[in-house]
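Descriptive structure summary
Chain residues, written in single-letter form:
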Amino acid sequence: GAVVSQHPSRVICKSGTSVKIECRSLDFQATTMFWYRQFPKQSLMLMATSNEGSKATYEQGVEKDKFLINHASLTLSTLTVTSAHPEDSSFYICSGTLRETQYFGPGTRLLVL
Amino acid sequence: GENVEQHPSTLSVQEGDSAVIKCTYSDSASNYFPWYKQELGKGPQLIIDIRSNVGEKKDQRIAVTLNKTAKHFSLHITETQPEDSAVYFCAATDDGSARQLTFGSGTQLTVLP
């Protein structure tokens, strides 16, 4: 149990375009979902906390207008990287919370050319 | 806020030997400590967790110990196997409602055959 999926697993886009990443909790309802980004050989950096039906809470330094988060249901949260630039290239990972435990998705590799 | 320090950053062991990874945390209010294993190109996978009302927890070859007084916790892997090779992250949380995790910097474990 407690499976989280992400789609797509990897995406390549041109600079200036927008990219949407989906995060789904497959077998549980996640009131809270988190979005992280991870650079090579580094730890996970929390970007935002997403609660179903309310606005996401962004960490300091994360541009809310650039990283749009929508948590429309208890099983789906989306992250849209708007006007992507090469520096946005990273590994994006979401997690869903079941009771006290965070279960992570497999990640999405974004490459912006 | 919480600060989690993890060491060593890299660890190489011979197959069959034990591996120990240590973490310290700063916030005495933290009460939940999960450990995640992350293989290359994948999302973190929960391998074991411990709550502050327990001093030790074991699951087959994996064990975690917690010393609340000293504010440190450790991951012990016995009889290591090549498939144990991965990056391991410790984490702590002191946020009861949102359960935001603060991660350690990670340990690259290599099990040599």
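Residues numbered from 1 in each chain as written. Chains lettered and ligands numbered in written order. Predicted model: local features only at pLDDT ≥ 70, side-chain atom pairs only at ≥ 80, totals over all residues. Heavy atoms only, no water.

1. Here's the deal with the pairing of strand 5 (residues 45-51) of chain B
Residues and elements named next belong to chain B. Sheet analysis places strand 4 (residues 32-38) next to strand 5, joined by six bridges and oriented antiparallel. By the bridge assignment for strand 5, F33 is matched with I50. Hairpin geometry of strand 4 and strand 5 is characterised by an intervening segment of six residues between the two adjacent antiparallel strands and by a positive phi of about 75 degrees at G41. (Pairing = 2+ DSSP bridges. Helix = DSSP H or I, 4+ residues; strand = E, 2+ residues; numbered from the N terminus.)

2. A closer look at the interface of chain A and chain B
Facing 20 residues of chain A, the contacting portion of chain B comprises 18 residues. In this assembly, chain A and chain B are joined by zero salt bridges. (Contact = heavy atoms within 4.5 Å. Salt bridge = Lys/Arg side-chain N within 4 Å of Asp/Glu carboxyl O.)

3. Topic: a nonpolar patch on the surface
Residues I12, L111 and L113 of chain A make up a contiguous nonpolar surface patch of about 320 Å² in total accessible area. In this structure, I12 of chain A sits in strand 2 (residues 10-13). (Patch = residues over 30% accessible without salt bridge, like charges linked within 9 Å, V, L, I, M, F, W, Y side chains within 5 Å. Areas by Shrake-Rupley, 256 points an atom, 1.4 Å probe, with all protein chains shown as cover.)

4. Section: unusual backbone geometry
Cis geometry marks the peptide bond from H7 of chain A to P8 of chain A, where omega comes out at 0 degrees. Cis geometry marks the peptide bond from H7 of chain B to P8 of chain B, where omega comes out at 5 degrees. Positive phi is not limited to glycine here, since S83 of chain A has a value of about 45 degrees. Relative to the helices and strands, S83 of chain A is located in the loop between strand 8 (76-81) and strand 9 (90-98). Positive phi outside glycine occurs at Q60 of chain B, with the angle close to 60 degrees.

5. A short note on the sheet that holds strand 3 (residues 19-25) of chain A
In any sheet, the strands associate via hydrogen bonds between backbone groups, in a parallel or an antiparallel arrangement. Residue and element names in this part refer to chain A. Pairing is antiparallel across the open sheet formed by four strands, whose spatial order is 1-3-8-7. Lying at the two open borders of the sheet, with one neighbouring strand each, are strand 1 (4-7) and strand 7 (67-73). Going from strand to strand, the sheet's axes swing by 15 degrees on average, the running direction of each strand aside. In this structure, strand 3 lies alongside strand 8, joined through six bridges in antiparallel fashion. Bridged to R24 within strand 8 is L76. (Axes fitted to C-alpha atoms, helices over the stretch in contact; angles between N-to-C directions.)

6. Examining the layout of surface pockets
There is about 470 Å³ of room inside the largest pocket. Lining of the largest pocket is provided by 21 residues; of these, P40, K41 and Q42 of chain A together with L40 and V87 of chain B occupy positions nearest its centre. The set of elements that each furnish at least two residues to the lining of the largest pocket consists of strand 9 (86-92) and strand 11 (107-112) of chain B. A total of three residues in the lining of the largest pocket trace back to one element, the largest contributor, which is strand 9 of chain B. By residue class, the composition of the lining of the largest pocket is seven nonpolar, 11 polar and three charged. (1 Å grid on protein atoms, 1.4 Å probe; cavity = no way out; pocket = protein on both sides within 12 Å on 5 of 7 lines; lining within 4 Å. Points joined across faces, edges and corners; volume = space filled by probe spheres on them. Nonpolar A, V, L, I, M, F, W, Y, C, P; charged D, E, K, R; others polar.)

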